[in-house]
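Coordinate analysis (summary)
Listed here are the chains, written in short residue letters.
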Amino acid sequence: MTADDPAWLVATRSSYDTDAAGYTEKVRGLLSERPFLRASVALFAEFVRAAGGGPVADVGCGPGYVTGHLHELGVDAFGIDLSPEMIAIARRDYPGLRFEVGTMTDLDLPDDSVAGLLAFWSIIHIPDDAMPGVFDEFRRVLRPGGPLLVGFHVGDETQRSSEGYPGRPIDVTSHRRKPSQVAGWLRDARFTIEAEMVFGPDARVPGAILFAK
Ligand SMILES: C[S@@+](CC[C@H](N)C(=O)[O-])C[C@H]1O[C@@H](n2cnc3c(N)ncnc32)[C@H](O)[C@@H]1O
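As the structure is a prediction and not an experimental result, all values here were calculated from the model.

What follows covers the environment of histidine 71. Relative to the assigned elements, histidine 71 resides in helix 4 (residues 65-72). For histidine 71, a relative accessible area of 44% corresponds to the partly exposed category. Taking C-alpha positions, histidine 71 is 9.3 Å from alanine 45, a pair spaced 26 residues apart along the chain.

Let us now look at the packing of aromatic side chains. The full count for this structure, using the stated rule, is six aromatic pairs. With 6.4 Å between their ring centres and 50 degrees between their planes, tyrosine 94 and phenylalanine 99 make a pair best called tilted. Given a relative accessible area of 25%, tyrosine 94 falls into the partly exposed group. Since its relative accessible area comes to 2%, phenylalanine 99 is described here as buried. Centre to centre, the rings of phenylalanine 135 and phenylalanine 138 are 5.7 Å apart; their planes meet at 50 degrees, and the pair counts as tilted. Here the residue phenylalanine 135 and the residue phenylalanine 138 both occupy positions in helix 6 (residues 131-141), the gap between them amounting to three residues, near one helical turn. This pair shows no difference in class: phenylalanine 135 is buried, exactly as phenylalanine 138 is. One Lys or Arg, arginine 98, reaches over the ring of phenylalanine 78 and ends 4.2 Å from the middle of that ring.

For the rest of this paragraph, the subject is the site of the ligand. Residues in contact with the ligand amount to 20 residues; listed here are only the nearest, Tyr23, Gly60, Tyr65, Asp81 and Phe120. Within the side chain of tyrosine 23, a nitrogen or oxygen atom sits 2.6 Å from an oxygen atom of the ligand. Within the backbone of phenylalanine 120, an N or O atom sits 2.8 Å from a nitrogen atom of the ligand. Here the ligand has 600 Å² of accessible area as a free molecule, and 98% of this is covered by the chains. The element that contributes the greatest number of residues to the shell around the ligand is helix 1 (residues 7-27), accounting for four residues. Of the residues contributing to the shell around the ligand, the split by class is eleven nonpolar, eight polar and one charged.

Attention now moves to the pattern of salt bridges. Taken as a whole, this structure holds eleven salt bridges when the rule is applied. Of the charged contacts in the structure, one is a salt bridge between arginine 92 and aspartate 93, with a shortest N-O distance of 2.7 Å. The exposure class assigned to arginine 92 is exposed, which follows from its relative accessible area of 54%.

Now for the nonpolar core. Counting 62 residues, the largest nonpolar core has Leu70, Phe120, Ile123, Phe135 and Phe138 as the members making the most contacts within it. Other than its neighbours up to four places away in sequence, phenylalanine 135 contacts Ile123, Val150, Val182, Trp185, Leu186, Ala189 and Phe191. With five residues, the next largest nonpolar core counts Cys61, Ile87, Ala90 and Phe99 among its residues.

Moving on to the packing of helix 3 (residues 35-50) against helix 4. Between helix 3 and helix 4, the shortest axis-to-axis distance is 10 Å and the interhelical angle comes to 55 degrees. Comparing their axes, helix 4 and helix 3 come out oblique. Considering how the two elements wind past one another, helix 3 and helix 4 form a crossing that is right-handed. Taking contact as the criterion, the partners of Arg38, Val41, Phe44 and Ala45 in helix 3 are, on helix 4, Val66, His69 and Leu70. Tallied by class, the residues present in the contact of helix 3 with helix 4 amount to five nonpolar, one polar and one charged.

What the seven strands build is an open sheet, ordered 3-2-1-4-5-9-8; its pairing is mixed. Looking at the sheet topology across the chains shown, the edges are occupied by strand 3 (99-101) and strand 8 (193-199). Mean inter-strand twist for the sheet, computed between neighbouring axes without regard to direction, equals 20 degrees. Sheet topology places strand 4 (residues 116-120) next to strand 5 (residues 148-153); four bridges connect them, and they run parallel. Looking across to strand 5, one finds that phenylalanine 120 is bridged to glycine 151. Across the sheet, helix 3 is in contact with strand 1 (55-59), strand 4, strand 5, strand 8 and strand 9 (207-212); its angle to strand 9 comes to roughly 10 degrees.

What counts and what doesn't
Residues numbered from 1 in each chain as written. Predicted model: local features only at pLDDT ≥ 70, side-chain atom pairs only at ≥ 80, totals over all residues. Heavy atoms only, no water. Helix = DSSP H or I, 4+ residues; strand = E, 2+ residues; numbered from the N terminus. Buried < 20%, exposed > 50% of the residue type's maximum accessible area, 1.4 Å probe, protein only. Phe/Tyr/Trp six-rings, centres within 6.5 Å; stacked < 30°, edge-to-face > 60°. Lys NZ or Arg CZ within 6 Å of the ring centre and 35° of its normal. Near = heavy atom within 4 Å. Polar contact = N/O pair within 3.5 Å; in protein donor to acceptor, adjacent residues only side chain to side chain. Areas by Shrake-Rupley, 256 points an atom, 1.4 Å probe, with all protein chains shown as cover. Nonpolar A, V, L, I, M, F, W, Y, C, P; charged D, E, K, R; others polar. Salt bridge = Lys/Arg side-chain N within 4 Å of Asp/Glu carboxyl O. Core = buried A, V, L, I, M, F, W, Y, C linked by side-chain atoms within 4.5 Å. Contact = heavy atoms within 4.5 Å. Axes fitted to C-alpha atoms, helices over the stretch in contact; angles between N-to-C directions. Parallel < 35°, antiparallel > 145°, perpendicular 65-115°, else oblique. Left-handed = near helix turned anticlockwise from the far one by under 90°. Pairing = 2+ DSSP bridges.

Next comes the structure, spelled out in C-alpha cells:
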C-alpha cells in the first residue's frame, strides 16, 4: 500500500478486509456446485501443462480455493490478493501453498516469470481506465505463449455495494462488461483470444470466461 494508491484501490482493499470471512463463506463449495467453472479451471490447468508447466499466478485469489483446486490438479499455483485479510484466510486454509499480498495494477513479479495466469472475478473491481495497464502487467509477467484465464460478470452496469456478507458495511465498486470489451483490451495488450464462454446468458447477471495466451 502506498500513499499514491487511488481511492478505488484503497476502498476495494478495505472492503474485502472487512468482508473476507463473509466472502469466504459465500464461495465455499462454489467449484463443486458449478461444473462449468470447474471445467474451465481444469481446461486452464491442461493448457498450463501443454505449455510446459511452471509457476502459475491466481491474481485476486481471495480465500484461495481456486489456487487450492489448481494445486490438486497438479499445477504449481500461488495466489496474490489486494486484501491482507483474504491472504490470511488463504494461508490458514491452504497452509502448504504460497499466498502474497499485492495488486494486479503493479505485480511484484519479474518479467516472463509465470507459466500461466488466472484472474477469477477479480478484474471486476478495476475501473475501465486502469484495465489496459492491468493487462499490460499480465502480459509482462507471463512467459510468451503462457495461458491466461479471465472471469468476470457480463453486462454494462457499474454497481456500488455498501453492504457485505452478512451485513458488514463496505464500499466496493464492481464493473460488469461485455466479453468483446474485455477481449479488445486483451488484444491491445498483445494477447490472442482462444475462447469466450458465457455462463447463464439468460440469468440476471451472466458470467464470462475468456481464454487467451
Ligand atoms: C469477487 S472476489 C474473487 C475472489 C476469488 N478469485 C473468487 O473467485 O472467489 C475479488 C477479489 O479480488 C481482489 N482484488 C480486487 N482488486 C484487486 C487488485 N487490484 N489486485 C489484486 N487483487 C484484487 C479482492 O481483494 C478479492 O479478493
